[in-house]
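An overview of the molecular structure
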Amino acid sequence: MNSTQSPGAAVRIENLDKYYGTFHALRNVNLSVERGEKIVVCGPSGSGKSTMIRCINRLEQHNGGRITVLGTELNDDVGNIDGIRREVGMVFQHFNLFPHMTVLENCMIAPMIVRKRPRAEAEATARRYLEKVRIPEQATKFPGQLSGGQQQRVAIARALCMQPQIMLFDEPTSALDPEMIAEVLDVMVTLASEGMTMICVTHEMGFARRVADRVIFMDGGEIVEEAPPEEFFTSCRNERTRQFLSQVLGH
Amino acid sequence: MEMVVVAPPAPGTLEDLRRRFFATPLQALLSLVSLAIMVLLAWKLLNWAIFSAVFTASGGPEACQAAAGACWSVIAARWRIILFGLYPFEEQWRSALACVTVVVMTVLSCIPAFWTGRRIGLVWAAGAALYYVLMKGGVLGLPYVGEEAWGGLALTLFIFVTTCLIGFPLAICLALLRRSGLPWISRITGIIIDSVRSLPLISILFTFAIVLPFALPQWLVGDKLYRVILGSALFFSAYQAEIVRGGMQGVSNGQEEAAMALGMNYWQRIGRILLPQAMRNALPATINQFVISFKETSLVVIVGFFEILASGNAAYGTGEWRFAYVEVYAFIAFIYFVFVFSLSRYGAFLERRMSVGER
């Protein structure tokens, strides 16, 4: 797959520009993601990768260009924004679970109040996804009582309970202790194998190699390199990419 | 291999006392002297308050003056004025029932089982209606009693509860407006909050009671009591708004982002995610504010209301019981203590309950 644009694209980003004050955070970014495609975005810190995926569900407002998600353009229309957020799940670096609710309530609240699902149905869905991320036994605990890896798996389940069509992952393993990274990546691999459209900002190159359809390298607010994983890791063209790869893979 | 860890034996109570208070001869001496002083003071107090005190009003003030101890007969003779103020004597049972209504309503709304919008709304609507009908009368065969005759504990409770009831939602609105993304809204709200906080409560009460009627059209003036409550609620909300805002600052941005990413709209994010966590953070300061407000109700005396403290003044101020003011104030202090202490303990209970989810 390449980024020639087809009408059925899940996410289409055209000439995206984003400023923080005078700082030019994203420069003319173009990216198209097909349904079912898995994209891994990597790059040095401050390269704009998080900013880019946060623009997709409007946690950041872009200043120029167009973003179309599932055929709806993101603009100032609040109805559009809420509609898109319902279909786009997100997993954060610091989990951001709601600490005043149990694990089960964390998973039930959005389906109940946003999708207006009845309680029983929301609970059944929540338990199914907690099963899927392999922590059904923690349902009645509070987030503060779980390990980082467990919290992140709950966060994935919480996003999945909205039954989104696209999942965004913003450095989901960066805040975890090394021994917990695998349990989160396993869940993500399973999700990928079931055909979810995924855009992952991560430095886990093993995950990228295994799962990604395309790997994107960003630096200085631009997409520098975009290639299928085998090509990306073996024969990348750009000097900056090579330097970055030698740093992440070097030891 | 299994290790058996034996904790060092805990010292017995006697041993512990000896170590703390009788470690050296000088320390032992100081401990004994302090103990003697405390026993003496306790004895004096008990002797005054109980053993040599007069409890019944039958002997009149003369019996009191003959006795060495406290004159509790003043309470026995004048408790109705202290509790009910100028409320008509034959109707005072209504004022007593109204006090009970407020207490029951408050206790009910403190029980977690009542924390759903519908139940708490029902409790307050029923409670408020019952209080109003009981106090004001004019229906159901109850004789009419105007607000100017309300007084004592019933008035203190009414002012406190309505101040909180109006002030608390107002405080949350002010806090939300102050963190608005639109700079002119947050700035204007900030100016309002800071202005109200810069004024003494007495001047606000005075303005609302005395000055406002000149500025308002006749149909909007209402009874002085409700204007005073509005003023006191405004004052309460200015302080409480800053407490709520402080609580909101303790909630990380990630919480709101996560709620947004799940598609929740503004009010869902505020009501389900931000406020529950902010109120948990703000709880100790909030209880503090409630306690202060309860005690500040005594300031309404300057605009002519006989709440419990002013009623107490009236209870001993007229002639024969003039000498017994210490007993009257001790009794009023005890009533304040019962309410404020329960409030504080309830705050402690809430803190324990809410900390369940914390690590």
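Residues numbered from 1 in each chain as written. Chains lettered and ligands numbered in written order. Predicted model: local features only at pLDDT ≥ 70, side-chain atom pairs only at ≥ 80, totals over all residues. Heavy atoms only, no water.

Focus on the pairing of strand S1 (residues 11–20) of chain A
All names here are of chain A.
- Summarising the sheet, S1 and strand S2 (residues 23–33) pair through seven bridges and their orientation is antiparallel. Residue Lys-18 lies in a different strand from S2, and its bridge partner there is Leu-26.
- Connecting the antiparallel pair S1 and S2 is a turn made up of two residues, with Gly-21 showing a positive phi of about 65°. (Pairing = 2+ DSSP bridges. Helix = DSSP H or I, 4+ residues; strand = E, 2+ residues; numbered from the N terminus.)

Things to note about the sheet that holds strand S7 (residues 166–170) of chain A
Residues and elements named next belong to chain A.
- Ordered by their spatial adjacency, six strands build an open sheet running S6-S7-S8-S3-S9-S10, and the pairing between neighbours is mixed. The sheet terminates laterally at strand S6 (88–91) and strand S10 (222–227), the two strands that pair on one side only. Geometrically, the sheet is characterised by an average inter-axis angle of 20° between neighbouring strands, direction not taken into account.
- The sheet contact formed by strand S3 (residues 38–42) and strand S9 (residues 214–219) spans four bridges and is parallel. Following the sheet pairing, Cys-42 is matched in S9 by Phe-217.
- Its contacts with the sheet put helix H5 (residues 148–160) on S6 and S7, and the angle it makes with S6 is roughly 170°. (Axes fitted to C-alpha atoms, helices over the stretch in contact; angles between N-to-C directions. Contact = heavy atoms within 4.5 Å.)

Observations concerning the interface of chain B and chain A
- Each partner contributes to the interface: chain B provides 21 residues, whereas chain A provides 26 residues.
- Summing both sides of the interface, chain B and chain A together bury roughly 2000 Å²; the carbon and sulfur share of this comes to 59%.
- When the area that chain B buries against chain A is broken down by residue, the three leading residues are Glu-257, Ala-261 and Leu-262 of chain B, summing to 27%.
- Counting every contact that joins chain B to chain A gives one salt bridge.
- The shortest N-O distance in the salt bridge between Glu-257 of chain B and Arg-54 of chain A comes to 2.7 Å.
- On inspection of chain B and its partner chain A, the count reaches five residue pairs in polar contact (both at pLDDT 80 or more).
- Mapped by element, the contributors of at least two residues to the side of chain B that touches chain A are helix H12 (253–261) and helix H13 (266–296) of chain B. (Buried area = accessible area lost by both parts, 1.4 Å probe. Salt bridge = Lys/Arg side-chain N within 4 Å of Asp/Glu carboxyl O. Polar contact = N/O pair within 3.5 Å; in protein donor to acceptor, adjacent residues only side chain to side chain.)

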